[in-house]
Amino acid sequence: MQAIHNGQCGVCGHFGERHKSDVLVTILSTKKADEGFIDECGHPKHAPLHLKVTAISGCDGFVPAAQA
Ligand code: SF4
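Scope of this entry: the structure provided in the associated data block. (Residues numbered from 1 in each chain as written. Predicted model: local features only at pLDDT ≥ 70, side-chain atom pairs only at ≥ 80, totals over all residues.)

**Let's talk about the overall build of the chain**
- Across its full length, the chain carries one helix and four strands.
- Written out in order from the N terminus, the α and β elements of the chain read β-α-β-β-β.
- Taken over the C-alpha trace, the chain has a radius of gyration of 10 Å; the compact-globule value for 68 residues is 11 Å, and the two agree within 12%.
- Each principal axis of the C-alpha atoms in the chain carries an extent, and together these give about 30 × 25 × 20 Å. (Helix = DSSP H or I, 4+ residues; strand = E, 2+ residues; numbered from the N terminus. Rg over C-alpha atoms; globule rule 2.2 N^0.38 Å.)

Following this line, the structure appears as structure tokens:
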């Protein structure tokens, strides 16, 4: 497991936003994710490209995910 910090995909509202799952909720609440876990970025600039990112990736399009 890897720790996820502010600004990284795992805590970004666009991470897997088209199909929010229990895994994504767990990643958000624990701020930890499996090294090999990837999901699609839903940012409007990335979604058409089906960009897939790990939980510790990041970009300037980061928006904090709403806390449950
Ligand atoms: S690539 Fe950027 S916009 Fe997409 S989930 Fe990661 S931080 Fe968010």
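Don't stop here, the text continues.
**Focus: the site of the ligand**
- Near the ligand there are 13 residues, and of these C9, C12, C41, C59 and G61 occur at the shortest range.
- For the shell around the ligand, a count of residues per class yields seven nonpolar, six polar and no charged. (Near = placed C-beta within 6 Å. Nonpolar A, V, L, I, M, F, W, Y, C, P; charged D, E, K, R; others polar.)

**A short note on the nonpolar core**
- Residues I4, C9, V11, C12, F15, I27, L28, A33, C41, V53, A55 and A65 constitute the largest nonpolar core, which totals twelve residues.
- Other than its neighbours up to four places away in sequence, A65 contacts V11, C12, G13 and L28. (Core = buried A, V, L, I, M, F, W, Y, C linked by C-beta atoms within 7 Å. Buried ≥ 20, exposed ≤ 12 C-beta atoms within 10 Å, placed from the backbone. Contact = placed C-beta atoms within 7 Å.)

**Some words on unusual backbone geometry**
- Positive phi values are uncommon outside glycine, yet K31 reaches one of about 55°.
- Tracing the backbone through its elements, the reader meets K31 in the loop between α1 (22-30) and β2 (32-33).

**So, the environment of C12**
- Mapped onto the secondary structure, C12 falls in the loop between β1 (2-3) and α1.
- Taking C-alpha positions, C12 is 14 Å from H46, a pair spaced 34 residues apart along the chain.

**Observations concerning the environment of H46**
- In this fold, H46 is placed in the loop between β3 (38-40) and β4 (52-54).
- Judged by C-beta crowding, with 16 C-beta atoms within 10 Å, H46 ranks as partly exposed.
- When residues no more than four places from it in sequence are discounted, the contact partners of H46 are C41 and L51.

By themselves these figures say nothing about function.
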